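Observations on the three-dimensional arrangement
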Amino acid sequence: MNQETAVEFNVEQQLTDIKNNLATVKQRIIDTCKKIGRDPASVRLLPVTKTVPAERLRIAFAAGCHEMGENKIQEAREKSEALADLDIKWSIIGHLQTNKAKYLARFANEFQALDSLKVAAELDKRLQNEGRAIDVYVQVNSSGEESKFGLPPEAVRDFVQHLPQFSSLRIKGLMTLAIFSSDHDRVRECFVKMRDIQAMLRQEAPAGLSFDELSMGMSGDYELAIEEGATVVRVGQAIFGKRPLPDSHYWPGLG
Ligand SMILES: *Cc1c(COP(=O)(O)O)cnc(C)c1O
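Residue positions are given per chain, counting from 1 as you read along its sequence in written order. Where totals are concerned, whole chains, interfaces and linings use all residues; where local detail is concerned, this predicted model gives features only for residues with pLDDT of at least 70, and gives and counts side-chain atom pairs only at 80 or more. As a rule here, side-chain values come from all non-hydrogen atoms in the structure, and water together with hydrogens is ignored.

Right, let's get into the pattern of salt bridges. Throughout this description, the term salt bridge denotes a Lys or Arg side-chain nitrogen within 4 Å of a carboxyl oxygen of Asp or Glu. Applying the stated criterion across every chain yields a total of 19 salt bridges. Here Arg44 and Glu110 are joined by a salt bridge, their closest N and O atoms 2.8 Å apart. With Arg44 in strand S1 (residues 44–47) and Glu110 in strand S4 (residues 110–114), this pair connects stretches of sequence that are 66 residues apart. For Arg44, a relative accessible area of 23% corresponds to the partly exposed category. Take Glu110: its relative accessible area is 5%, and that puts it in the buried class. For Glu130, the salt bridge is made with Arg106, and the minimal N-O distance between the two is 3.9 Å. Remark: Arg106 occurs in helix H4 (residues 101–107) and Glu130 occurs in helix H5 (residues 117–130); sequence separation between them is 24 residues. When a residue's accessible area, from a 1.4 Å probe over protein chains only, is under 20% of the maximum for its type it is buried; when over 50% it is exposed; and in between it is partly exposed. Arg106 gets classed as partly exposed once you look at its relative accessible area, which sits at 48%. Under the scheme used here, helices are H or I runs from DSSP no shorter than 4 residues and strands are E runs no shorter than 2 residues, and both carry numbers assigned from the N terminus.

In structure tokens, the structure reads:
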């Protein structure tokens, strides 16, 4: 095989792999929904593309990934520029520093990790400058682990009372990362806690905010999350393969 053919073969292979992985995840979403009597259309699959190079994301786009979730703004920004010719909806799912809000405001369609009023204010201001509004989720630390970002559950009620003033933030729901544990009961507990907070907010949140969306569940736990009411699952490794470095690299502070 000459080099060009090898590259083409590789692209074909990657396309097939991603398509197969996507089909598997989608089928498992459908099976889980059937098991508990939910409509599979009520669950949105957000492919998480962190650490996956832009060229591979071109292939992922061809395989049907038209939304991409990234946890670091700099990486997301570079990829959105490299792939500007494709109609990709970018979702930022990781902690945002206030001084990076201006970048997010330029290209992101969604921000799932709001956990401070300072960030809310800055992002709202930057979005207004751009003449845009985006969907926003409030991140909750449902596991209580110090390494995780997000509001403590007991702070959510007061926090959301301040959000209506930010007219460029369309509040849609809540996001969480469950505890990393092989103990399903402990993982499920995190998801149940989120569902309870959602129910409370439906009663007590200010008018105009919506908490219909629950973004929870990743490659290792998305089926459990769906069972407990997830409407968005954020799946990376089950679609793109294992990341080269362990989770502790991407979530500093983890064991
Ligand atoms: C990386 C990441 C995911 C996806 O994790 P996988 O194990 O690759 O499925 C989901 N949510 C957030 C916030 C992430 O950073």
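Next comes the rest of the description.
Looking now at unusual backbone geometry. In this structure, Thr51 takes a positive phi of about 70 degrees despite not being glycine. By the secondary structure assignment, Thr51 is in the loop between S1 and helix H2 (54–62). Under the relative-accessibility criterion, Thr51 is labelled partly exposed at 32%.

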